[in-house]
Amino acid sequence: MIMAYKAIDAKVKVDAVKQYWATGNISQISKKTGSSRATIYSWIAFAENALVEAFGQIHPGPRRKSLQHENEILKTQLKKLYDKYHKESRPRPLTAPEDAPPQICTDCGSAQIRKNGTVPF
């Protein structure tokens, strides 16, 4: 006579492993799940190996710098952004400065430039 294996849900297996870790009583877990002690031990070994593998892949990140050091870095970055924004957002003068040489139109050769930047015809 061939015995059929009954399928056991993963949640039941996880609960059995958690209960073993909490109580250490294999007999009670075996009766509750209807599985052999050897099967439950294999679930426990599988779960422990999976945990070791999961935690073994974690590498510590870089050490955090002191909060003051991070604040100083952020303040300098903020100042650079602030200066860049205000430098780019300043309105540019429409007329050339007084000490600048006169500009000449490339089309007509006129040196007279209006305030709006156009050249009279």
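Our structure is the block above this text.
Every value quoted in this text rests on a predicted model; they were computed, and no experiment measured them.

Draft legend 1. Examining helix H1 (residues 10-23) more closely. Here H1 contains 14 residues, and its C-alpha end-to-end distance of 20 Å stays within 8% of the 20 Å for a straight helix at 1.5 Å per residue. All of the buried residues along H1 are Ala 16, Val 17 and Gln 19. Summarising the axial view, the buried residues of H1 lie within an arc of 160°, below the 170-degree limit, and thus occupy one face. Across from the buried face of H1, at angles greater than 90 degrees, the exposed residues are Lys 11, Lys 18 and Ala 22. If you follow the buried residues of H1, they end up packed against helix H2 (26-33) and helix H3 (37-56). Looking one or two residues past H1, Gly 24 carries a phi angle of roughly 80°, positive in sign.

Draft legend 2. How the structure looks around a nonpolar patch on the surface. Judged by side-chain polarity, Trp 21, Leu 51, Phe 55 and Ile 58 come together as a nonpolar surface patch covering roughly 450 Å² of accessible area. Position of Phe 55 relative to the elements: it lies in helix H3.

Draft legend 3. Expanded view of the packing of H1 against H3. Where H1 contacts H3, the two axes come as close as 10 Å, and the packing angle between them is 85°. If you check the angle between H1 and H3, you find them roughly perpendicular. Seen from H1, the contacting residues are Lys 13, Ala 16, Val 17, Tyr 20 and Trp 21; seen from H3, they are Tyr 41, Trp 43, Ile 44, Ala 47, Glu 48 and Leu 51. Among the residues making up the contact of H1 with H3, the classes are represented as 9 nonpolar, no polar and 2 charged.

Thresholds, definitions, all that
- Residues numbered from 1 in each chain as written.
- Predicted model: local features only at pLDDT ≥ 70, side-chain atom pairs only at ≥ 80, totals over all residues.
- Heavy atoms only, no water.
- Helix = DSSP H or I, 4+ residues; strand = E, 2+ residues; numbered from the N terminus.
- Expected span 1.5 Å × (residues − 1).
- Buried < 20%, exposed > 50% of the residue type's maximum accessible area, 1.4 Å probe, protein only.
- Arc of directions from axis to C-beta.
- Contact = heavy atoms within 4.5 Å.
- Patch = residues over 30% accessible without salt bridge, like charges linked within 9 Å, V, L, I, M, F, W, Y side chains within 5 Å.
- Areas by Shrake-Rupley, 256 points an atom, 1.4 Å probe, with all protein chains shown as cover.
- Salt bridge = Lys/Arg side-chain N within 4 Å of Asp/Glu carboxyl O.
- Axes fitted to C-alpha atoms, helices over the stretch in contact; angles between N-to-C directions.
- Parallel < 35°, antiparallel > 145°, perpendicular 65-115°, else oblique.
- Nonpolar A, V, L, I, M, F, W, Y, C, P; charged D, E, K, R; others polar.

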